[in-house]
Amino acid sequence: SGQQSVTGVTTADDGNSYWRIRGKTATVCERGTLIKCGQSIRLTHVNTGRNLHSHHFTSPLSGNQEVSAFGEDGEGDILDDWTILCNGEYWQRDEEVRVKHVSTNVLLSVTGEQYGRPINGQREVHGMAYASQHNYWKVMEGIFMKPSEPPRTDYMHSEL
């Protein structure tokens, strides 16, 4: 498609592997809000400001569905929306989850196909039409925000 490739690496502390969780297109997700299982979100790449995206293009290595990075400064389109599939009510920090593309129903996956130059050794991230061991994801590190607290009113007063 000509869009920026999304690749995976085996090291958990790669500084280029950070993604920010945001509300799905045209919605706001307040900082620290718990993500419900089944909720749709956007994932914005911290370094580039592009969103995790998919569409009906064939991925170059595996022949599955292409996953790319799209948009500018976190703005893209509805093809940037993904649903978190997990157990229980909320996505737990240590839990493996599946990430399903809202518009095309593929699961975010990595099966091991590796690129050559200029991104030698990086693995192709793509969308798969069926569930397998290749489409489980787990947060390895990052910054976890607590929900914003409402302003305290016990120290405020009003004068007559």
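Our structure is the block above this text.
For clarity, every value in this text was computed on a predicted model and none was experimentally measured.

Engineer: Mind showing me how you'd approach the pattern of salt bridges here?
Structural biologist: Oppositely charged side chains can form a pair if their charged atoms are brought close together. A complete count under the given rule lists two salt bridges for this structure. A salt bridge links Glu75 to Arg22; its shortest N-O distance comes to 3.7 Å. With Glu75 in the loop between strand S6 (65-70) and strand S7 (82-85) and Arg22 in strand S3 (residues 19-23), this residue pair connects regions lying 53 residues apart in the sequence. Classification of Arg22 as buried rests on a relative accessible area of 14%. Notably, a salt bridge pairs Arg50 with Glu72, separated by 3.3 Å at the nearest N-O pair. With Arg50 in the loop between strand S4 (40-45) and strand S5 (51-58) and Glu72 in the loop between S6 and S7, the pair connects residues that are 22 residues apart, well separated along the chain. Accessibility expressed as a relative area gives 25% for Arg50, which makes it partly exposed.

Engineer: Please explain the packing of aromatic side chains as it appears in this structure.
Structural biologist: Centre-to-centre distance and the angle between the planes together describe a pair of aromatic rings. Here the structure, examined in full by the defined rule, presents zero aromatic pairs. One cation-aromatic arrangement involves Arg98 over Tyr136; the distance from NZ or CZ to the ring centre is 3.9 Å.

Engineer: Hey, could you run me through the nonpolar core in this one?
Structural biologist: Within soluble globular proteins, side chains that are nonpolar generally end up buried alongside one another. Ranked by internal contacts, the top residues of the largest apolar core, which has 15 residues, are Leu52, Val67, Ile84, Trp91 and Leu108. Sorting the residues of this core by element identifies S4, S6 and S7 as the ones contributing at least two each. When residues no more than four places from it in sequence are discounted, the contact partners of Trp91 are Ile21, Ile35, Cys37, Ile41, Ile84, Cys86, Val97 and Val139.

Engineer: Can you walk me through the state of the cysteines in this structure?
Structural biologist: Working definition: the covalent bond between the sulfur atoms of two cysteines is a disulfide. Under the counting rule described, the total for this entry stands at one disulfide. Each sulfur in the disulfide pair Cys37 and Cys86 lies 2.0 Å from the other. Of note, the bridge from Cys37 to Cys86 carries an S-S torsion of about -115 degrees and is left-handed in sense. On the criterion of sequence distance, the pair formed by Cys37 in the loop between S3 and S4 and Cys86 in the loop between S7 and strand S8 (98-101) is long-range, its members being 49 residues apart. Assessed through its relative accessible area of 17%, Cys86 is described here as buried.

Engineer: Looking at this structure, I do not really get the pairing of S6. What am I missing?
Structural biologist: Moving residue by residue along a regular strand, the side chains alternate between the two faces of the sheet. In terms of burial, S6 is a largely internal element, five of the six residues being buried. Strand direction decides the pairing type here: S5 and S6, joined by five bridges, are antiparallel. Residue pairing for S6: His53 is matched across the bridge by Ser68. The loop that links S5 with its antiparallel partner S6 comprises six residues; one of these, Gly63, has a positive phi angle of about 80 degrees. Where S6 meets strand S10 (residues 123-128), two bridges bridge the pair, whose relative direction is antiparallel. The residue bridging Gln65 from the neighbouring strand is Gly127, located in S10.

Quick notes on the rules
Residues numbered from 1 in each chain as written. Predicted model: local features only at pLDDT ≥ 70, side-chain atom pairs only at ≥ 80, totals over all residues. Heavy atoms only, no water. Salt bridge = Lys/Arg side-chain N within 4 Å of Asp/Glu carboxyl O. Helix = DSSP H or I, 4+ residues; strand = E, 2+ residues; numbered from the N terminus. Buried < 20%, exposed > 50% of the residue type's maximum accessible area, 1.4 Å probe, protein only. Phe/Tyr/Trp six-rings, centres within 6.5 Å; stacked < 30°, edge-to-face > 60°. Lys NZ or Arg CZ within 6 Å of the ring centre and 35° of its normal. Core = buried A, V, L, I, M, F, W, Y, C linked by side-chain atoms within 4.5 Å. Contact = heavy atoms within 4.5 Å. Disulfide = S-S within 2.5 Å. Pairing = 2+ DSSP bridges.

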